[in-house]
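Notes for the structure review
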Amino acid sequence: MNQANDNDALRASLQAVPRALRTLHKALIDVETVYFGAVGSPLEHLQLITNHPHFAWLQAMSALMAALDEALDEPDTLTREAVAGWRAAIEELVGPGTAAAGAFRTKYIILLHDSPDVAIAHGALRQLLGHLPKGI
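First, a word on what this report is: a plain description of the structure on this page.

Scoring rules and cut-offs
- Residues numbered from 1 in each chain as written.
- Predicted model: local features only at pLDDT ≥ 70, side-chain atom pairs only at ≥ 80, totals over all residues.
- Heavy atoms only, no water.
- Phe/Tyr/Trp six-rings, centres within 6.5 Å; stacked < 30°, edge-to-face > 60°.
- Helix = DSSP H or I, 4+ residues; strand = E, 2+ residues; numbered from the N terminus.
- Buried < 20%, exposed > 50% of the residue type's maximum accessible area, 1.4 Å probe, protein only.
- Salt bridge = Lys/Arg side-chain N within 4 Å of Asp/Glu carboxyl O.

1. A few points about the packing of aromatic side chains
What the rule picks out here adds up to 3 aromatic pairs. Between Trp 57 and Phe 104 the ring centres are 5.1 Å apart and the planes differ by 50°, which places this aromatic pair in the tilted class. Of the two residues, Trp 57 is situated in the loop between helix H3 (42-51) and helix H4 (59-73) and Phe 104 in helix H6 (residues 104-114); the sequence distance between them amounts to 47 residues. Residue Trp 57 shares its accessibility class with Phe 104, and that shared class is buried. Taken together, the ring pairs connect Trp 57, Phe 104 and Tyr 108 into an aromatic cluster.

Listed below in structure tokens is the structure:
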């Protein structure tokens, strides 16, 4: 396979990941919202998600999703190492990689076991990550 085709394949594999991350992120927000209680209007809900300490642990995933979207918007060639780096960064959050510092993994594991929707979204993401190159 030539380098252009390899880059296209890497980009296509990585481009499937943001949608799976958003689905998982939404499932996490939905469960946390139920645990939190009534939230009011959609605008009030958004303000809670972005500003309330109850939802603060989700910011690690939100930031990673934003950074990945920005990287995919760049026309630069994606290297296998860069794609493997994205896989590793996501796996630091959702596993099986070594957990990054912070409360994300602890809360995530609880919701993974509590919510079928989170478990399904997790499985879909893991399947996509399995198609990405691993770091050395």
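2. Regarding the pattern of salt bridges
Pairing between side chains of opposite charge can happen when the charged atoms of each approach one another. Here the structure, examined in full by the defined rule, presents 5 salt bridges. Across the salt bridge formed by Glu 32 and Lys 107, the nearest N and O atoms sit 3.4 Å from each other. On the criterion of sequence distance, the pair formed by Glu 32 in helix H2 (residues 17-36) and Lys 107 in helix H6 is long-range, its members being 75 residues apart. When the shortest N-O distance is used, the salt bridge between Arg 87 and Glu 91 registers 3.0 Å. Placement of the pair is Arg 87 and Glu 91 together in helix H5 (residues 80-94), with a separation of 4 residues, close to one helical turn. For the pair formed by Arg 87 and Glu 91, the shared burial category is buried. Overlapping salt bridges, with partners in common, bring together Arg 87, Glu 91 and Arg 126 in one network.

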